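For reference, the chains in residue letters:
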Amino acid sequence: MARNMVFALLLAGSQFVVSQNATAPSTGTAVASSTTTGGATFTTSVELSVEDLWDQYVGPVSTFSINTTVEPTPIPSSSLIPPPSLYYSPFPTGQQVPLQTKNESWKFPKDFWYGVAGAAYQIEGAVKAEGRGPSTWDVLTHRVANYVVTNETGDVADNNYYQYKEDIARIAALGVNTYSFSISWSRIQPFGTGPVNEQALAHYDDVIDTCLEYNIIPMVTLYHWDTPLFLQNSYGGWLDSKIVDDFTEYARIVFNRYHSKVQYWFTVNEPIVFCGFYPLPKNYFKKTDIPDIQQKYYCGHNVLLAHSAAYHIGKSLNSSLSISVKHNGGYKIPRTNSSEDAIAVQRAWDFNEAWFSDPLFLTGDYPKYLKEYLDTFLDPFTDEQRAQINGTSDIYAHDAYTSDIIMAPDSGIDACTKNESHPLFPSCYNTTKLYANDYWALGPAGDPGTPWLVKATDWVPAFLHYMQDTWKPRGGVAITEFGISEPFEALKTSLPTIVIDPIRSKYYVDYLEAILMALSEGVDVVGTLAWSIYDNLEWSSGYGVKFGIQYVNLTTQERFFKASAFEYVNMFNVYLEK
Ligand code: GBH
């Protein structure tokens, strides 16, 4: 049924890019396009099936031997034994030595949620199963040579599309209470617009029901970077305001279906990041006339409109839903106490977190330094749009992995803001991981594949205060992703060496202690989600950069807890208010 889904595409002289392979893009073979000179156009209607989209834009995909839903087997108690204290002297309970250092003045409030997170394209696999249409990431992984450093794809990933029951059973056995996952838009609507795929809706019904069965709170993200390919090719995806209505309709379908079972929602994951994917590699997707440097800001504009429209739909169905955007970035530490560095820090907030957070939490509009730039090419939001946007986020959800030291460009800030060809234009601030002594880093590094990430947990309390004080979220602050890539983990070849992950373990313990400090100082932190439920496709870094608190053997699809999983959950065993 779903695989025969067709969608009548009406194009009037527009250009639909068809890339048959990485080197020879051609246009207009699938649909008519304007080929005459002098601006003449013709209108035609073609039928395009989901299969056509795959065949023409992606090509063959890999599958795995387990390709029907698997019932969970009981989690062997032998796999739930925490690592011995020999390796982990601070490990507190059970057969371990008692924790020496429990701070009796710290606690996580009773209703704190603590869980793990993943995202559809990174974990599901089964990319063509049950009617899924392709997304931009199927093209990026299959057709764009070296877009993923290892040229790996999400075709199989962690096979979560079939093994989700086991995955949920495992995290329940571990003892967390929340699972955050994203829905693949092009499963629900294979074209991103038009026909709705009931098989996909039924699939996520069961994911949600399985969470509830295991007493796990499900949290759903509507969009984690996997734009339906058809929308990217029809009008440029997030670059065009047409996406606002399409996203809103998709959100309506999903909210309608699950609002009585799912309380916590995130519309989009990290808009700074996915808007920063623009400009996409040339010749694989629809061309755009928007200058490269401006594209991410058109995207951001449409994100704010799409998110806020979706928010109002969700709230109108059920006003008690918690609906938010997942932000990202890091605490911004001024490198010196100079006034230039202070301005650089504010510019860094304005071009990152505040780009979305000021509109959503404060004003309905962009922060000052960003707005100065956007006003040179974007139509400002109207009064109605500002009113639509303002106030549409219930919690301040931040994927706060690390921090950065911020400084003015060597040339000074003015020389940058006045010169569009300055390498740091338009944000005109600079970052480093080194303190001003130019010798010591903020903290221990993650894997060399993630140069952006060092353990900077010392700065977490200040960061949490900043989020609360600046954006004053009515539903509190949540760390909706945090984690670290254990250095060189992919080079380890034996299971006993893989499952001991000391840098990640220390990261989680120190980070959660930092949250406990902030809680004791009055910051309303409401939950944390460890990234990630298990190792997965780390986007353009491939499978070689590992963030999991579980290891996945990608040959057999077996899962194994790492030490960090126990360290993470243990912090709640010790500090959660009874
Ligand atoms: C999260 O983003 C994502 O939500 C998740 O899907 C991902 O797996 C996880 O992080 C781990 O990376 O290479 O210098 O250009 C975190 C924010 C923003 C961090 C983009 C990496 C690229 C920096 N990410 N950033 S750089």
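Residues numbered from 1 in each chain as written. Predicted model: local features only at pLDDT ≥ 70, side-chain atom pairs only at ≥ 80, totals over all residues. Heavy atoms only, no water.

Trainee: Help me understand the overall build of the protein in this model?
Mentor: Looking only at helices and strands, one finds 19 helices and 15 strands in the protein. Against the globule reference of 25 Å for 578 residues, the protein gives a C-alpha radius of gyration of 24 Å, in line with a compact fold. With the C-alpha coordinates of the protein rotated into their principal frame, the extents come out at 80 × 60 × 45 Å. Taken across its 578 residues, the protein has 59% of its residues classed as buried. Across the protein, every contact between residues at least 6 apart in sequence was considered, and the portion connecting residues at least 24 apart equals 78%. (Helix = DSSP H or I, 4+ residues; strand = E, 2+ residues; numbered from the N terminus. Rg over C-alpha atoms; globule rule 2.2 N^0.38 Å. Buried < 20%, exposed > 50% of the residue type's maximum accessible area, 1.4 Å probe, protein only. Contact = heavy atoms within 4.5 Å.)

Trainee: I'm lost on the environment of T288 in this one. Help?
Mentor: Residue position: T288 is located in the loop between α9 (271-276) and α10 (292-317). Assessed through its relative accessible area of 32%, T288 is described here as partly exposed. The sequence separation of T288 and L239 amounts to 49 residues, and the corresponding C-alpha distance is 8.3 Å. Contacts of T288, omitting those with residues within four sequence positions, involve L239 and Q295. For T288, the side chain forms a polar contact with the main-chain nitrogen of I290, separated by 3.0 Å. (Polar contact = N/O pair within 3.5 Å; in protein donor to acceptor, adjacent residues only side chain to side chain.)

Trainee: What should I look at first to understand the pattern of salt bridges in this one?
Mentor: Oppositely charged side chains can form a pair if their charged atoms are brought close together. Evaluation of the coordinates by the stated rule reveals 30 salt bridges. Across the salt bridge formed by K332 and E353, the nearest N and O atoms sit 3.0 Å from each other. Note that K332 is positioned in strand β9 (residues 322-334) and E353 in helix α12 (residues 353-363), a separation of 21 residues in sequence. Just as K332 is buried, E353 falls in that class too. Linking K371 and D375 is a salt bridge whose minimum nitrogen-to-oxygen distance equals 3.3 Å. Overall, the relative accessible area of 42% leaves D375 in the partly exposed class. One salt-bridge network, in which partners are shared between bridges, spans E198, D205, D209, R257 and K261. (Salt bridge = Lys/Arg side-chain N within 4 Å of Asp/Glu carboxyl O.)

Trainee: I tried to follow the packing of helix α16 (residues 460-471) against helix α18 (residues 502-520) on my own but got confused; where do I start?
Mentor: What describes two packed helices is the angle between their axes and the distance between those same axes. It is at 8 Å that the axes of α16 and α18 come closest, and there the two elements cross at 50°. Comparing the axis directions of α16 and α18 gives the class oblique. Between α16 and α18 lies a crossing of right-handed hand. Seen from α16, the contacting residues are V460, P461 and L464; seen from α18, they are Y511, A514, I515, M517 and A518. Taken together, the residues of the contact of α16 with α18 sort by class into eight nonpolar, no polar and no charged. (Axes fitted to C-alpha atoms, helices over the stretch in contact; angles between N-to-C directions. Parallel < 35°, antiparallel > 145°, perpendicular 65-115°, else oblique. Left-handed = near helix turned anticlockwise from the far one by under 90°. Nonpolar A, V, L, I, M, F, W, Y, C, P; charged D, E, K, R; others polar.)

Trainee: Would you mind going over the side chain of N302 with me for this structure?
Mentor: Within the element layout of this structure, N302 appears in helix α10. With sequence-adjacent residues up to four places away left out, N302 is seen in contact with W238, L239, D240, S241, I243 and V244.

Trainee: Which parts of the structure should I look at to understand the environment of Y57?
Mentor: By secondary structure assignment, the location of Y57 is in helix α1 (residues 50-57). Relative accessible area serves as the criterion here: at 1%, Y57 is assigned to the buried category. Sequence-wise, Y57 and Y429 are 372 residues apart; in three dimensions their C-alpha atoms are separated by 39 Å.

Trainee: I tried to follow the packing of aromatic side chains on my own but got confused; where do I start?
Mentor: Two aromatic rings are characterised by how far apart their centres lie and by the angle between their planes. Scanning all chains against the criterion turns up 58 aromatic pairs. For the pair Y401 and F547, a centre-to-centre distance of 5.9 Å together with 85° between the ring planes defines the contact as edge-to-face. Taken together, the residues span a long stretch of sequence, with Y401 in strand β10 (residues 396-407) and F547 in the loop between β13 (525-531) and β14 (550-553) at a distance of 146 residues. In this structure, Y401 and F547 share a single accessibility class: buried. (Phe/Tyr/Trp six-rings, centres within 6.5 Å; stacked < 30°, edge-to-face > 60°.)

Trainee: Whenever I open this one, the site of the ligand confuses me. Can you help?
Mentor: Not every one of the 14 residues close to the ligand is listed here, only the nearest: Q122, H224, E270, E538 and W539. Side-chain polar atom of E270 to an oxygen atom of the ligand: 2.7 Å apart, as the coordinates give it. One nitrogen or oxygen atom from the side chain of W531 is found 3.1 Å from an oxygen atom belonging to the ligand. Across the complex, the protein chains shield 70% of the 580 Å² of accessible surface that the ligand would expose by itself. (Near = heavy atom within 4 Å. Areas by Shrake-Rupley, 256 points an atom, 1.4 Å probe, with all protein chains shown as cover.)

Trainee: Honestly, the state of the cysteines in this entry has me stumped. Any pointers?
Mentor: Put plainly, two cysteines are in a disulfide when a covalent bond ties their sulfur atoms together. By the definition in use, this model includes two disulfides. The disulfide partner of C416 is C428, and the S-S distance across this bridge is 2.0 Å. Between C416 and C428, the S-S dihedral sits near -80°, and the bridge is therefore left-handed. Here C416 is found in helix α15 (residues 413-417), whereas its partner C428 is found in the loop between α15 and β11 (430-432), with 12 residues between them in sequence. (Disulfide = S-S within 2.5 Å.)

Trainee: What is the right way to look at unusual backbone geometry in this model?
Mentor: Backbone phi values are negative for most residues with the exception of glycine, while trans is the configuration of most peptide bonds. Of note, the amide linkage connecting F425 to P426 takes the cis form, showing an omega dihedral of 5°. The topology assignment puts P426 in the loop between α15 and β11. Cis geometry is adopted by the peptide bond preceding S532, which originates at W531 and carries an omega value of 20°. Take S532: it is sitting in the loop between β13 and β14. One non-glycine residue with positive phi stands out, namely C428, at about 55°.

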